[in-house]
Amino acid sequence: MSLTFAINAGSSSLKFQLIEMPEEKVIAKGLVERIGIDHSLLELEYNGETYEVREDIPNHERAVELLFEQLQEHNVIDNYDDITGVGHRVVNGGEDIKDSTLVTEELIERVEELSELAPLHNPPQAQVMRVFKDKLPKATMVAVFDTSFHTSLPAENYLYSIPTEYYEEYGVRKYGAHGTSHKYVAERAAEMLDRPLEELKLITCHLGNGASITAVENGQSVDTSMGFTPLAGITMGTRSGDIDVSILPYLMEKLNLTDVSDMIDILNKQSGVLGLSGVSSDMRDVEGAANEGNERAILALDIYVNRIQKYIGQYIATMNGVDGIVFTAGVGENSAYMRDRIIKGISWFGIELDSKANDTREEAIISSKDSKVAVLNIPTNEEIAIARDVERLK
Ligand code: AMP
């Protein structure tokens, strides 16, 4: 048996899937939550059962230790040699890491150096890579970067209109995120349309709690809505997306804040659909409240749709055309209502959904026969994409 781990470590969490390769069959999955906080929890799903362990987990090292103990206790693995590959999601790989990369000590150090660009994610991700390397020295270990798909952006799209020295000296540029997902759905879209990816202009809409939109031309990301950090772009669950930065000092004064990170926290955690609606960051709740006539929820949805349409319009203009629009992630994959609203508002481009085909949560072409542009619903699968990259680099 050849098993590959897909690992996604956050600042206080660790999500995992154990996937049989090359069959791409998920054998077990789960997560560890509240690492370094009290009442930590490990949840493991295997063979239709869910196992839970509650104990204080002080750090990611103990989280990985406990995970291995559980895998053995529930006979998921016989011995460590069953696991021949590990793929780690890493949030920021800077501008020189252009592809998934074998994990060496040097690579881990590079990920640590880049922590300034992703302070909450890169440090625990580097730590988790070290722990896995100790535990599974024989496995092929690969780091898969959220940013690498976007390293193909041309300078005109990754530079901000500020003095160029700040890019040259401090690396201030657009890095983007969700690259693994955008790449996965773009490749899948080409297969579903039965056309070479290299000939297509695509707009991929990853609409989850975090959300971003990417323009993909000839198989390469040419522009994306997230920026220097994932705060930029469209309205998200709790993130503001694009705003005029002059609002920051103005609001800091009004709110008596002296530390700008408190202001950034408001933009990351209390804004977006949550801040607008006052209801929830969860789109199902907001759609529900809007249905019941809640005015703020109705307006939050209007703004959410509007920002997505603006980005789609921008990318149609800058790519000078589009062959396919792809919806993915929590909202994109599941909300036929949202897809319908977004596409209806841009029908001038000759884009039209087939309402029956749109009534789905599965992989499908959902545009009408007459639509000038294909519209596709493609559930994303970042874990499988990570496991495939491990196989590719074996
Ligand atoms: P993700 O970050 O990809 O897990 O997406 C999470 C978001 O997807 C949350 O805002 C959910 O409310 C939303 N979501 C999941 N299912 C649905 C659904 N059926 N309709 C609308 N939104 C959904």
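Remember, predicted model here, so these are calculated numbers, not experimental data.

S.K.: Just checking my understanding: could you explain the UniProt feature "binding site: Mg(2+)" (unreviewed entry) in the chain for this structure?
M.R.: Mapped onto the present numbering, the UniProt feature "binding site: Mg(2+)" (unreviewed entry) falls at Asn-8 and Glu-382. These residues run over 375 residues, yet every pair of their C-alpha atoms falls within 9.8 Å of each other. Once you skip the residues sitting within four places of it in the chain, Glu-382 turns out to touch Thr-180, Ser-181 and His-206.

S.K.: Got a minute to help me understand the environment of Gly-227 in this structure?
M.R.: Looking at the element boundaries, Gly-227 is found in the loop between β11 (220–224) and α7 (247–254). Once the C-alpha coordinates of Gly-227 and Gly-176 are considered, the two residues, 51 residues apart in sequence, prove to be 5.0 Å apart. In this structure Gly-227 touches Tyr-160, Arg-173, Lys-174, Tyr-175, Gly-176 and Ala-232, once residues within four positions along its chain are discounted.

S.K.: Please explain the nonpolar core as it appears in this structure.
M.R.: In summary, soluble globular proteins display a tendency toward joint burial of nonpolar side chains. Counting 42 residues, the largest nonpolar core has Phe-5, Leu-14, Leu-18, Ile-83, Val-86 and Phe-132 as the members making the most contacts within it. With six residues, helix α1 (residues 60–73) is the largest single contributor of residues to this core. Setting aside residues no more than four positions away along its own chain, Phe-132 makes contact with Phe-5, Ile-7, Val-64, Phe-68, Val-86, His-88 and Met-141. Of all hydrophobic cores here, the second largest spans 41 residues; its members include Ala-215, Met-283, Met-319 and Ile-346.

S.K.: Any chance you could explain the pattern of salt bridges here in plain terms?
M.R.: Note on pairing: side chains with opposite charge can pair once their charged atoms come close. For the coordinates displayed, the defined rule picks out 25 salt bridges. A salt bridge links Lys-174 to Asp-223; the nearest nitrogen and oxygen atoms lie 2.9 Å apart. One end of the pair, Lys-174, is in the loop between α5 (164–170) and α6 (179–193); the other, Asp-223, is in strand β11, with 49 residues separating them in the sequence. Summarising the burial analysis for this pair, Lys-174 and Asp-223 share the class buried. Residue Lys-394 pairs with Glu-391 through a salt bridge whose shortest N-O separation is 3.1 Å.

S.K.: Any chance you could explain the side chain of Thr-235 here in plain terms?
M.R.: Here Thr-235 shows up in the loop between β11 and α7. What makes Thr-235 buried here is its relative accessible area of 4%. Those residues in contact with Thr-235 that sit more than four places away from it in its chain are Ser-240, Gly-272, Val-273, Leu-276, Ile-303, Tyr-304 and Arg-307.

S.K.: Can you walk me through helix α2 (residues 105–113) in this structure?
M.R.: Because an α-helix completes one turn every 3.6 residues, residues spaced three or four positions apart along the sequence face the same direction. Buried within α2 we find Leu-107, Ile-108 and Val-111. What you see down the axis of α2 is that its buried residues fit within an arc of 100°, all on one side. Those residues of α2 that are exposed and aimed more than 90 degrees away from the buried face are Glu-106 and Glu-113.

S.K.: Where do I start with a nonpolar patch on the surface in this structure?
M.R.: A contiguous nonpolar patch, built from Tyr-160, Ile-162, Tyr-166 and Tyr-170 and spanning about 410 Å² of accessible area, is present on the exposed surface. The class for Ile-162 is partly exposed, based on a relative accessible area of 39%.

S.K.: Sorry if this is basic, but what is going on with the sheet that holds strand β12 (residues 324–328) here?
M.R.: Backbone hydrogen bonds hold the strands of a sheet together, and the pairing may be parallel or antiparallel. Spatial ordering of the open sheet is given by β11-β10-β9-β12-β14-β13, a layout of six strands whose pairing is mixed. Edge positions in the sheet fall to β11 and β13 (364–365), since each has one partner strand and no second. Taken together, the four bridges between β12 and strand β14 (residues 374–377) define a ladder with parallel strand orientation. The residue of β14 that forms the bridge with Phe-327 is Asn-377.

S.K.: Sorry if this is basic, but what is going on with unusual backbone geometry here?
M.R.: Along the chain, Met-21 connects to Pro-22 via a cis peptide bond; the corresponding omega equals 5°. Of note, Asn-47 is a non-glycine position whose phi angle comes to about 55°, a positive value. Mapped onto the elements of the fold, Asn-47 is located in the loop between β4 (41–46) and β5 (49–54). Positive phi is not limited to glycine here, since Asn-75 has a value of about 55°. With respect to the element layout, Asn-75 can be found in the loop between α1 and β6 (83–90).

S.K.: Would you take a moment to explain the site of the ligand for this structure?
M.R.: Within the structure, the ligand sits among 13 residues, and Asn-209, Asp-282, Met-283, Gly-330 and Val-331 are positioned closest to it. At 3.3 Å from an oxygen atom of the ligand is found a main-chain nitrogen or oxygen belonging to Arg-284. At 3.4 Å, a side-chain N or O of Asn-334 approaches a nitrogen atom of the ligand. The set of elements that each furnish at least two residues to the shell around the ligand consists of α10 (283–291) and α12 (329–334). Of all the elements, α12 adds the most residues to the shell around the ligand, at four residues. When its residues are assigned to classes, the shell around the ligand shows three nonpolar, six polar and four charged.

Scoring rules and cut-offs
- Every chain's residues receive numbers from 1 upward, in the order its sequence appears when written.
- Only residues with pLDDT of 70 or above have their local features reported here, since the model is predicted, and side-chain atom pairs are shown and tallied only from 80 upward, although totals for entire chains, interfaces and linings are computed over all residues.
- To get the side-chain values, take all heavy atoms of the structure and skip hydrogens and water.
- UniProt positions are given in the numbering used here, feature names are shortened, and annotations may be inferred rather than shown by experiment.
- Note on definitions: a residue-residue contact is assigned when non-hydrogen atoms from the two residues lie within 4.5 Å.
- Helix numbering and strand numbering both begin at the N terminus, where a helix is a DSSP run of H or I of at least 4 residues and a strand a DSSP run of E of at least 2.
- In these notes, a set of buried Ala, Val, Leu, Ile, Met, Phe, Trp, Tyr and Cys residues joined through side-chain atoms within 4.5 Å is what counts as a nonpolar core.
- Think of it in three bands: with a 1.4 Å probe and only protein chains considered, a residue is buried below 20% of the maximum accessible area for its type, exposed above 50%, and partly exposed in between.
- Between Lys or Arg on one side and Asp or Glu on the other, a salt bridge is scored when a side-chain nitrogen of the former is within 4 Å of a carboxyl oxygen of the latter.
- Throughout, the arc means the angular range of directions from the helix axis out to the C-beta atoms.
- Only residues whose relative accessible area exceeds 30% and that form no salt bridge are eligible for patches; like-charged ones are grouped when within 9 Å, while nonpolar side chains (Val, Leu, Ile, Met, Phe, Trp, Tyr) are grouped when within 5 Å.
- For accessible areas, the Shrake-Rupley method is used with a probe of radius 1.4 Å. Any residue's cover is judged against the shown protein chains and nothing else.
- We treat two strands as partners when DSSP finds at least two bridges between them.
- One heavy atom suffices: a residue is near a molecule or strand as soon as one of its heavy atoms comes within 4 Å of it.
- Side-chain atoms alone can form a polar contact between residues adjacent in sequence; in general such a contact is a pair of N or O atoms within 3.5 Å, and within protein one must be able to donate a hydrogen while the other accepts it.
- Residues are grouped as follows: Ala, Val, Leu, Ile, Met, Phe, Trp, Tyr, Cys and Pro are nonpolar; Asp, Glu, Lys and Arg are charged; every other residue, Gly included, is polar.

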